[in-house]
Amino acid sequence: MKFIALFTAGVLSFPFPFPGIGYMKSGSRLQRSNQGSHPRYMNSGAEPKFSKDHGRKNPVKEAFLHTWSGYKKYGATLVDSLTTLWLMDFKDEFKYSVDSIKKIDFTVSNEMINYLEITISYLGGLTGAYDLSGEDVLLKQAIVLADQLLLTFETPSGYPVTEFIFGKGPIPGRVIIAIVAIRTCQLEFTRLTQITKDKKYEEKAMTVIAKLDKLEKPNTGLYPV
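Calculation notes
Residues numbered from 1 in each chain as written. Predicted model: local features only at pLDDT ≥ 70, side-chain atom pairs only at ≥ 80, totals over all residues. Heavy atoms only, no water. UniProt positions renumbered as here; feature names shortened; annotations may be inferred. Helix = DSSP H or I, 4+ residues; strand = E, 2+ residues; numbered from the N terminus. Buried < 20%, exposed > 50% of the residue type's maximum accessible area, 1.4 Å probe, protein only. Contact = heavy atoms within 4.5 Å. Areas by Shrake-Rupley, 256 points an atom, 1.4 Å probe, with all protein chains shown as cover. Phe/Tyr/Trp six-rings, centres within 6.5 Å; stacked < 30°, edge-to-face > 60°. Salt bridge = Lys/Arg side-chain N within 4 Å of Asp/Glu carboxyl O. Core = buried A, V, L, I, M, F, W, Y, C linked by side-chain atoms within 4.5 Å. Expected span 1.5 Å × (residues − 1). Axes fitted to C-alpha atoms, helices over the stretch in contact; angles between N-to-C directions. Parallel < 35°, antiparallel > 145°, perpendicular 65-115°, else oblique. Left-handed = near helix turned anticlockwise from the far one by under 90°. Nonpolar A, V, L, I, M, F, W, Y, C, P; charged D, E, K, R; others polar.

Looking up the chain in an unreviewed UniProt entry gives the name alpha-1,2-Mannosidase, with the organism given as Conidiobolus coronatus. Among the UniProt annotations of the chain, the heading Sequence similarities (unreviewed entry) holds the following wording: "Belongs to the glycosyl hydrolase 47 family."

In structure tokens:
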């Protein structure tokens, strides 16, 4: 059974400043509570001090893993957290994500897809994680996704639309273009061309830049809206 790509956003709250640290808020200062195992403390409003045995990285890793565990069922978190999982040495969690990403079908969607978000979170996440890990399935999925994104460029202007549906490209009557979106894909598409040696990705992305550079701009230097 394949997963259909799901796009979501939300807010996750957790105890101040994050779980397992063992602090309580007192007035305008942080004071060490009697609970919690981490040795970090505040000393009379001074900067936090750390022992040589326990650096800053452990509480940061704890906070990240706490948040990741709450969101790992969503496709966006699975993909755009891959590089962080690898760099923080959460190899079991990384493997879990890779195994789940194998099941994502980037050719089917049950709702409109946001071009900007899927480019920076999914395509960027897949290519970045492939660069770090060399996992072939990540590159394979990046190529499938990028080929779908190329469909968004099939507009009279040649600019990619902000919303589309996998397998169909731009939807008639919904051809909306935003500068923030069309100038976002160059890094991801160029890197994919460097990896695959397929020039079509970089050429599409850089064509946008060439077109924008030819536009007449107001005296402020801003692009026309």
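### Considerations on the overall build of the chain
In terms of regular secondary structure, the chain is built from nine helices and six strands. Sorting the 225 residues of the chain into buried and exposed places 39% on the buried side. Counted over contacts in the chain with a minimum sequence separation of 6, partners at least 24 positions apart contribute 56%. Summed over its atoms, the accessible surface of the chain is roughly 13,200 Å², and 54% of this surface lies on carbon and sulfur atoms.

### What about the packing of aromatic side chains?
Geometrically, a pair of aromatic rings is defined through the distance of the ring centres and the angle of the planes. Per the counting criterion, the structure on display carries nine aromatic pairs. Judged by centre distance (5.7 Å) and plane angle (70 degrees), the ring pair of Phe-164 and Phe-166 falls under edge-to-face. Phe-166 matches Phe-164 in its accessibility class, with the two residues each being buried. Seen in terms of ring centroids, Phe-189 and Tyr-201 are 6.4 Å apart; in terms of plane orientation they differ by 80 degrees. Their pairing is edge-to-face.

### So, the pattern of salt bridges
Going through the model one piece at a time under the given rule, you end up with six salt bridges. In this structure, Lys-95 engages Asp-99 in a salt bridge whose closest nitrogen and oxygen atoms are separated by 2.9 Å. Here Asp-99 and Lys-95 lie together in helix α4 (residues 91-101), a separation of four residues that amounts to about one turn. Using a relative accessible area of 29% as the deciding quantity, one classes Asp-99 as partly exposed. Measuring nitrogen to oxygen at the nearest pair gives 3.5 Å for the salt bridge that ties Lys-102 to Asp-99. In the salt-bridge network here, residues are joined through shared partners; they are Lys-95, Asp-99 and Lys-102.

### Focus: the nonpolar core
With 45 residues, the main nonpolar core has Leu-123, Leu-126, Leu-138, Leu-145, Leu-149 and Phe-189 as its most contacted residues. Setting aside anything within four residues of it in sequence, one finds Leu-123 in contact with Ile-118, Ala-142, Leu-145, Ala-146, Leu-149, Glu-188, Phe-189 and Leu-192.

### Looking at the environment of Ile-120
On the secondary structure map, Ile-120 appears in helix α5 (residues 115-133). Linking Ile-120 and Thr-184, residues 64 residues apart in sequence, is a C-alpha distance of 7.5 Å. Once residues within four sequence positions are removed from consideration, Ile-120 is found in contact with Gly-125, Thr-184 and Glu-188.

### So, helix α1 (residues 57-71)
Note on helix geometry: an α-helix contains 3.6 residues per turn, so any two residues three or four positions apart are oriented the same way. The end-to-end C-alpha distance of α1, which contains 15 residues, comes to 21 Å, matching closely the 21 Å that a straight helix rising 1.5 Å per residue would cover. Looking at the packing, one finds that the buried side of α1 touches α2 (75-80), α3 (82-87) and α4.

### Focus on the packing of helix α8 (residues 186-196) against helix α9 (residues 200-213)
The description of two packed helices rests on the angle between their axes and on the distance between the axes. The contact between α8 and α9 brings their axes to 7 Å, and the two run at 150 degrees. Judged by the inter-axis angle, α8 sits roughly antiparallel to α9. When the axes of α8 and α9 are compared, the crossing they make is left-handed. When α8 is examined against α9, the residues Gln-186, Phe-189, Thr-190, Leu-192, Thr-193 and Thr-196 are found in contact with a partner set consisting of Tyr-201, Glu-202, Ala-205, Met-206, Val-208 and Ile-209. Its residues assigned to classes, the contact of α8 with α9 shows seven nonpolar, four polar and one charged.

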